[in-house]
2 protein chains.
Amino acid sequence: MDKHELRRAGLKATLPRLRILQLLEERAVSHMSAEDVYRALLEAGEDVGLATVYRVLTQFEAAGLVSRHHFEGGHSVFELNQGEHHDHIVCSECGHIVEFIDPIIEERQNRVAEAHGFRLADHALVLHGICTDTKCERRARGR
Amino acid sequence: MDKHELRRAGLKATLPRLRILQLLEERAVSHMSAEDVYRALLEAGEDVGLATVYRVLTQFEAAGLVSRHHFEGGHSVFELNQGEHHDHIVCSECGHIVEFIDPIIEERQNRVAEAHGFRLADHALVLHGICTDTKCERRARGR
DNA sequence: CTAATTGCAAAAGCTTTGCAGCGCA
DNA sequence: TGCGCTGCAAAGCTTTTGCAATTAG
């Protein structure tokens, strides 16, 4: 039950919070902006305010339920914290996002950070490139 | 002469452009936001508009003279393109930035990207961590 | 001289905040 | 019931854009 998850995070189990949590859980690969979440809820007939979406997502982030990424200039995207850590490749052309884990990079990251007197707290790494995937190109055309 | 650099980039050698280019060259480790550049110029007695700073930095980026990074949420920072490519570690606490190159990560990045159907165009990588450096901690306190 | 460039101010995104009313515990 | 939460609207920030005046080549 999602209610418990919210309680555990010290948050009242209100309708907007439940809906937003559900929405993030539904979408397997969910890198949604606040705006995305807002529109999805409106389309689903829910009556929430954009401000609430921002507030809830920020609270979720503080509670460790979601991660916020600043992929491209402008807006943030949110993602449910589930399972293992992973990193991202973002297509500069179409915004397509792919998750990956590379043990060697993971290890080197820590070494590099250590060598420069850093403790890798949140361990975030983002590659920017151009996607040559068919699906991605289709998306790019669709813009 | 900086004038030549601008001409080569197809840009008229105007005073604001020269000043901005000089400013970026002066500061050895220069990760400046548009606002930083603007204020630095004002303090130096130059009479430029913030809009011009943004326009010039964007043109410089297009010309390959500078790189733009979206380190933290909110604002971009600019850096002169000199010498070799490098990546960054950003301290989440104090904003302190360290540059590094790790050949192994470089190589893995390309492999990972390739394996996922991406061509690494701009090759940007940013680590976020907490800096334990003395100099950095001093900075953090100074905030 | 002509086209590019600038400064100012206004506008455009994304995100946060103030506040009165509604809802969970 | 009481405090937390929500929605709306307004404000905040960074960045972009329109336009008349200015300047480089």
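Starting from 1, residues in each chain are numbered consecutively following that chain's sequence as written. By the order in which they are written, chains take letters starting at A while ligands take numbers starting at 1. Local features in this predicted model are restricted to residues of pLDDT 70 or higher, and side-chain atom pairs are both shown and tallied only at a pLDDT of 80 or more, whereas totals for entire chains, interfaces and linings draw on every residue. Derived side-chain values reflect all non-hydrogen atoms in the structure, with water molecules and hydrogen atoms excluded from consideration.

Undergrad: What is the right way to look at the overall build of chain A in this model?
TA: In DSSP terms, a helix is any run of H or I states spanning at least four residues, a strand is any run of E spanning at least two, and both are numbered starting from the N terminus. Of the regular secondary structure elements, chain A holds 6 helices and 7 strands. Taken from the N to the C terminus, the helices and strands of chain A come in the order α-α-β-α-α-β-β-β-β-α-β-β-α. A simple rule labels every residue: compare its accessible area, found with a 1.4 Å probe on the protein chains alone, to the largest value its type can have, and call it buried under 20%, exposed over 50%, or partly exposed in between. Taking all 143 residues of chain A together, the buried fraction comes to 45%. In this description, contact between two residues means that some pair of their heavy atoms is separated by no more than 4.5 Å. Put simply, 43% of the contacts in chain A that link residues at least 6 apart link residues at least 24 apart. Every accessible area reported is derived by Shrake-Rupley at a probe size of 1.4 Å, with residue values counting cover from the shown protein chains alone. Accessible surface, chain A: about 7,900 Å² in total, of which carbon and sulfur atoms supply 47%.

Undergrad: Sorry if this is basic, but what is going on with the relation of the copies chain A and chain B here?
TA: A rotation about an axis combined with a shift along that same axis relates the two copies of the chain. Between chain A and chain B, the superposition needs a rotation of 180° and an axial shift of 0.0 Å, giving an RMSD of 0.2 Å. Both copies of the chain, as the preceding transformation shows, are related through a two-fold rotation axis. The position closest to the rotation axis in chain A is occupied by the C-alpha of I105 of chain A, lying 2.7 Å away. By residue overlap, the copies meet face to face through one surface: 100% of the interface positions of chain A are interface positions in chain B. Superposition of the copies was done by least squares, using only C-alpha atoms of residues whose pLDDT is at least 70 in both.

Undergrad: Explanation requested: the sheet that holds strand β4 (residues 87-91) of chain A in the structure shown.
TA: Strand pairing in a sheet is mediated by backbone hydrogen bonds. Such pairs are either parallel or antiparallel. Reading across the sheet, the 4 strands line up as β5(A)-β4(A)-β7(A)-β6(B) and stay open at both edges, with mixed pairing between neighbours. With one partner strand each, in any of the chains shown, β5 (97-100) of chain A together with β6 (118-119) of chain B form the two edges of the open sheet. Two elements, strand β7 (residues 126-131) of chain A and β6 of chain B, share 2 bridges in a ladder whose sense is antiparallel. What sits directly across from I130 of chain A, in β6 of chain B, is R119 of chain B. Strand pairing follows a simple DSSP-based rule, namely that at least 2 bridges must link the two strands.

Undergrad: Just to check I follow, could you spell out the sheet that holds strand β2 (residues 66-69) of chain A for this structure?
TA: All names here are of chain A. Within the open sheet, the 3 strands sit side by side as β1-β3-β2. Their pairing is antiparallel. At either margin of the open sheet sits one strand with a lone partner, and together these are β1 (32-33) and β2. Relative to strand β3 (residues 77-80), β2 runs antiparallel, the two being bridged by 4 bridges. Each residue of the ladder has a partner; that of H69, found in β3, is V77. Packed on one face of the sheet, helix α4 (residues 50-62) meets β2 and β3 and runs near 110° to β2. As a rule, the C-alpha atoms of each element are fitted with a line to give its axis, helices using only the stretch in contact, and angles between N-to-C directions run from 0 to 180 degrees.

Undergrad: Looking at this model, I keep getting lost on the nonpolar core. Mind explaining?
TA: In globular proteins that are soluble, nonpolar side chains generally tend to be buried together. Only buried Ala, Val, Leu, Ile, Met, Phe, Trp, Tyr and Cys residues count toward a nonpolar core, and they belong to the same one when joined by side-chain atoms within 4.5 Å. Membership of the largest hydrophobic core comes to 26 residues, with the highest contact counts inside it found for F118, L125 and L127 of chain A together with F118, L125 and L127 of chain B. If we skip the residues at most four places from it in the chain, F118 of chain A touches A113 of chain A together with I89, V90, C91, H96, V98, G129, I130, C131 and T132 of chain B. L18, M32, L65 and V66 of chain A belong to the second-largest nonpolar core, a separate cluster that totals 22 residues.

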